[in-house]
Amino acid sequence: MAKIVEINKQELSSVKVELNLINSFEDEFTNANKLMTKAYQSVFKIETAIQDMLNGYDAAGKSYLKANARYQELEQASKNLGIEVPSKIQSFKKAISEGLKEIDANSRELLKAKKMNFL
């Protein structure tokens, strides 16, 4: 009878070890799924941020184009009056051009990033 009790203790011990391994595996698997979900959520945040940046650049570009049109009107009016556009205002023309170039370059890079398949 002592031998049977001893075998049962060994079997119970083996079952405990297996249960601990199963529990450990389940915990690690659950943790991996949580981390994967968090990573996917970060991807959505990135995609949203890229779109927000593109929208911002689009709005800024449109505003620069309107400012440039007003500058052209100002330049023509100044020419018709025989006066020069003030130097401060002339410097804005260069800033408009640089801003549009920067928007174009950054938007192209963002569009490349947007085309990447994150999922």
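A brief look at the structure comes next.

Here is what the cut-offs are and how they apply
Every chain is numbered on its own, with residues counted from 1 as its sequence reads. Since the coordinates come from a predicted model, pLDDT governs what is reported: local features require at least 70, and pairs of side-chain atoms require 80 or more to be given and counted, while whole-chain, interface and lining totals use all residues. With hydrogens and water set aside, each side-chain value is computed from the structure's full complement of heavy atoms. Numbering of helices and strands runs from the N terminus; a helix is a DSSP stretch of H or I covering at least four residues, while a strand is a stretch of E covering at least two. Partly exposed residues are those whose accessible area sits between 20% and 50% of the maximum for their type, while under 20% is buried and over 50% is exposed, using a 1.4 Å probe and protein chains only. Working rule for contacts: check all heavy atoms of both residues, and any pair within 4.5 Å makes them a contact. To estimate how far a helix should reach, multiply one less than its number of residues by 1.5 Å. Definition of a polar contact: a pair of N or O atoms within 3.5 Å, with one able to donate and the other able to accept a hydrogen when the atoms are protein atoms, and with sequence-neighbouring residues admitted only if both atoms are side-chain atoms. Whenever Lys or Arg places a side-chain nitrogen within 4 Å of a carboxyl oxygen from Asp or Glu, that contact is recorded as a salt bridge. Residues with no salt bridge and a relative accessible area higher than 30% make up the patches, which join like charges within 9 Å and nonpolar side chains (Val, Leu, Ile, Met, Phe, Trp, Tyr) within 5 Å. Per-residue and other accessible areas were derived by the Shrake-Rupley procedure at a 1.4 Å probe size, with only the shown protein chains allowed to occlude residues.

1. A few points about the overall build of the protein chain
Right, on to step 1. Tallying secondary structure elements over the protein chain gives 2 helices and 0 strands in all.
Right, on to step 2. Burial analysis of the protein chain (119 residues in total) assigns 11% to the buried set.
Right, on to step 3. Expressed as a percentage of contacts within the protein chain between residues at least 6 apart in sequence, the contacts between residues at least 24 apart total 71%.

2. Considerations on helix H2 (residues 87-115)
The periodicity of an α-helix, 3.6 residues per turn, causes residues three or four positions apart to be oriented the same way.
Right, on to step 1. For H2, which comprises 29 residues, the first-to-last C-alpha distance of 43 Å matches the rise-based estimate of 42 Å (1.5 Å per residue) to within 8%.
Right, on to step 2. Buried within H2 are the following residues: Ile96, Gly99, Ile103, Ser107, Leu110 and Ala113.

3. Comments concerning the side chain of serine 107
Right, on to step 1. Structurally, serine 107 is set in helix H2.
Right, on to step 2. Here isoleucine 103 takes part through its backbone oxygen, which lies 2.8 Å from a polar atom of the side chain of serine 107.

4. With respect to the pattern of salt bridges
Side-chain pairing between opposite charges can occur once the charged atoms of the two side chains come close.
Right, on to step 1. This model, assessed by the stated rule, comprises 6 salt bridges.
Right, on to step 2. Among the ionic pairs, glutamate 98 bridges to lysine 94, the shortest N-O distance being 3.9 Å. A residue pair is termed a helical-turn pair when its members lie 3 or 4 positions apart in one helix, as glutamate 98 and lysine 94 do in helix H2 at 4 residues.
Right, on to step 3. Given a relative accessible area of 45%, glutamate 98 falls into the partly exposed group.
Right, on to step 4. Lysine 94 sits in the exposed class, given a relative accessible area of 57%.
Right, on to step 5. With a shortest N-O distance of 3.2 Å, glutamate 109 and lysine 112 are connected by a salt bridge. Pair noted here: glutamate 109 and lysine 112 are both in helix H2, with a separation of 3 residues, about one helical turn.
Right, on to step 6. For lysine 112, a relative accessible area of 53% gives the class exposed.

5. With respect to a nonpolar patch on the surface
Right, on to step 1. A contiguous nonpolar patch, built from Met36, Tyr40 and Phe44 and spanning about 310 Å² of accessible area, is present on the exposed surface.
Right, on to step 2. With respect to the secondary-structure elements, methionine 36 resides in helix H1 (residues 2-81).
Right, on to step 3. Using a relative accessible area of 45% as the deciding quantity, one classes methionine 36 as partly exposed.

6. Some details on the environment of alanine 49
Right, on to step 1. Along the chain, alanine 49 turns up in helix H1.
Right, on to step 2. Along the backbone, alanine 49 and leucine 110 are 61 residues apart, and their C-alpha atoms lie at a distance of 10.0 Å.

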